[in-house]
Each structure stands twice: as structure tokens, then as C-alpha cells.
Amino acid sequence: QVRLVESGGGLIQSGQSPLLSCVASVRTFCMAWFRQAPGSERKFLGLRNLRPDGLYYAAAVEGQITISRDVANNTLYLQLKSVKFEDTATYYCASATNYCSADEGTYDNWGQGTQVIVSS
């Protein structure tokens, strides 16, 4: 299975724009970001696929985040723009072998997550 390791989280001051990273052990067809706020369900943020080449954001967060992928280094990035307290959550990276969608069930592997705590 694919091993995914997220990093870049921590205690972030309101207004900052942290860059989260997800490094995969091997190249995969699709990689995506999700987040789960305390006491809430996990929500899809966006994805980056290779076949066909594409980038997709959840409408609720488009404009607030930027997802990019370094294919050569099997790394997916998530840039959070000017975070607010509401962005406090555990951010998860996931990969899919055959399909690419916003559904959690699409993904074969998940990272342990990186926690972002926004102080205001």
C-alpha cells in the first residue's frame, strides 16, 4: 500500500498562510486533501489527478486554498490562504489508484493527518 506522510501543521496565527505537504511513497493516479474540524465530519477540499491532468477544488473552499503537486517527488501541497479560527482542523492527505473524486470511498490510502490550530 501507499504510505502518505503529512507535515506543516502546528499552532498557526490567524492571518498566516501555512503550506502543508504530503509525501507519498510512490507515484499515484490521484491525490487529495481533506480536513476534519473538532466534532465535525471529514470534508473534501480538493484534488490533483494525473490521468487526465487536472485540478479540482471543493466550491466551499475555492479561492481560500491552493493545491499543487510535485509529481517527480510524489508530493502534494496545500496552501491555506490567510487562515481564520474556523480553519482549525486535522488535515488529511489521501491517494487513489484507479479513480479520482471528492468521495472518501474513492481513496485507497490515507495519511495520519497534520493538525492545524489557528490562534486568534
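Just so it is clear, the model here is predicted, and its values are computed rather than measured. (Residues numbered from 1 in each chain as written. Predicted model: local features only at pLDDT ≥ 70, side-chain atom pairs only at ≥ 80, totals over all residues. Heavy atoms only, no water.)

*Asks:* How do you make sense of the overall build of the chain when you look at a structure like this?
*Replies:* Assigned secondary structure in the chain consists of 0 helices and 11 strands. Radius of gyration (C-alpha) of the chain: 13 Å, near the 14 Å computed for a compact globule of 120 residues. Its C-alpha atoms give the chain principal-axis dimensions of roughly 40 × 25 × 25 Å. With 120 residues in all, the chain has 44% of them scored as buried. Taking contacts inside the chain between residues at least 6 apart in sequence as the whole, the part at least 24 apart equals 58%. Per element, the accessible surface of the chain, about 6500 Å² overall, is 46% carbon and sulfur. Here the chain contributes 10 positively and 10 negatively charged side chains, and the mean placements of these two sets differ by 5 Å. (Helix = DSSP H or I, 4+ residues; strand = E, 2+ residues; numbered from the N terminus. Rg over C-alpha atoms; globule rule 2.2 N^0.38 Å. Buried < 20%, exposed > 50% of the residue type's maximum accessible area, 1.4 Å probe, protein only. Contact = heavy atoms within 4.5 Å. Areas by Shrake-Rupley, 256 points an atom, 1.4 Å probe, with all protein chains shown as cover. Lys, Arg positive; Asp, Glu negative; His and termini not counted. Charge placed at Lys NZ, Arg CZ, Asp CG, Glu CD.)

*Asks:* Would you take a moment to explain the state of the cysteines for this structure?
*Replies:* As used in these notes, a disulfide is a covalent bond between sulfur atoms, one from each of two cysteines. By the definition in use, this model includes 2 disulfides. With its sulfur 2.0 Å from that of its partner, C22 forms a disulfide with C93. For the disulfide bridge between C22 and C93, the dihedral angle about the S-S bond is near -75 degrees, and by the sign convention the bridge is left-handed. Of the two residues, C22 sits in strand β3 (residues 19-24) while C93 sits in strand β9 (residues 89-96), which places them 71 residues apart along the sequence. Under the relative-accessibility criterion, C22 is labelled buried at 0%. Judged by its relative accessible area of 0%, C93 is buried. Paired through a disulfide, C30 and C100 show a sulfur-sulfur distance of 2.0 Å. Every disulfide takes its handedness from the sign of the S-S torsion; for C30 and C100 that torsion is 55 degrees, giving right-handed. Here C30, found in strand β4 (residues 30-36), pairs with C100, found in the loop between β9 and β10 (109-110); they are 70 residues apart in sequence, far enough to count as distant. (Disulfide = S-S within 2.5 Å.)

*Asks:* Help me understand the environment of R69, please; the structure alone is not making it clear to me.
*Replies:* Among the secondary structure elements, R69 is positioned in strand β7 (residues 65-70). Given the relative accessible area of 12%, R69 is considered buried. A sequence separation of 12 residues divides R69 from Y57, and the C-alpha atoms of the two residues are 14 Å apart. In this structure R69 touches R27, T28, F29, C30, M31, R48, L50, T75 and L76, once residues within four positions along its chain are discounted. Within the structure, the side chain of R69 is placed 2.6 Å from the backbone oxygen of T28, a separation counted as a polar contact. (Polar contact = N/O pair within 3.5 Å; in protein donor to acceptor, adjacent residues only side chain to side chain.)

*Asks:* It is not clear to me how the nonpolar core should be interpreted in this structure. Could you clarify?
*Replies:* One recurring pattern in soluble globular proteins: nonpolar side chains tend to sit buried together. Core analysis: the largest hydrophobic core is formed by 33 residues, its most contacted members being W33, I65, L78, Y91 and Y107. At the level of elements, β3, β4, β5 (43-49), β7, β8 (75-80), β9 and β11 (114-119) are the ones that each hand at least two residues to this core. The biggest single contributor to this core is β9, with 6 residues. What Y107 contacts, discounting residues up to four positions off in sequence, is C30, A32, F34, F44, L47, A94, S95, A96 and S101. (Core = buried A, V, L, I, M, F, W, Y, C linked by side-chain atoms within 4.5 Å.)

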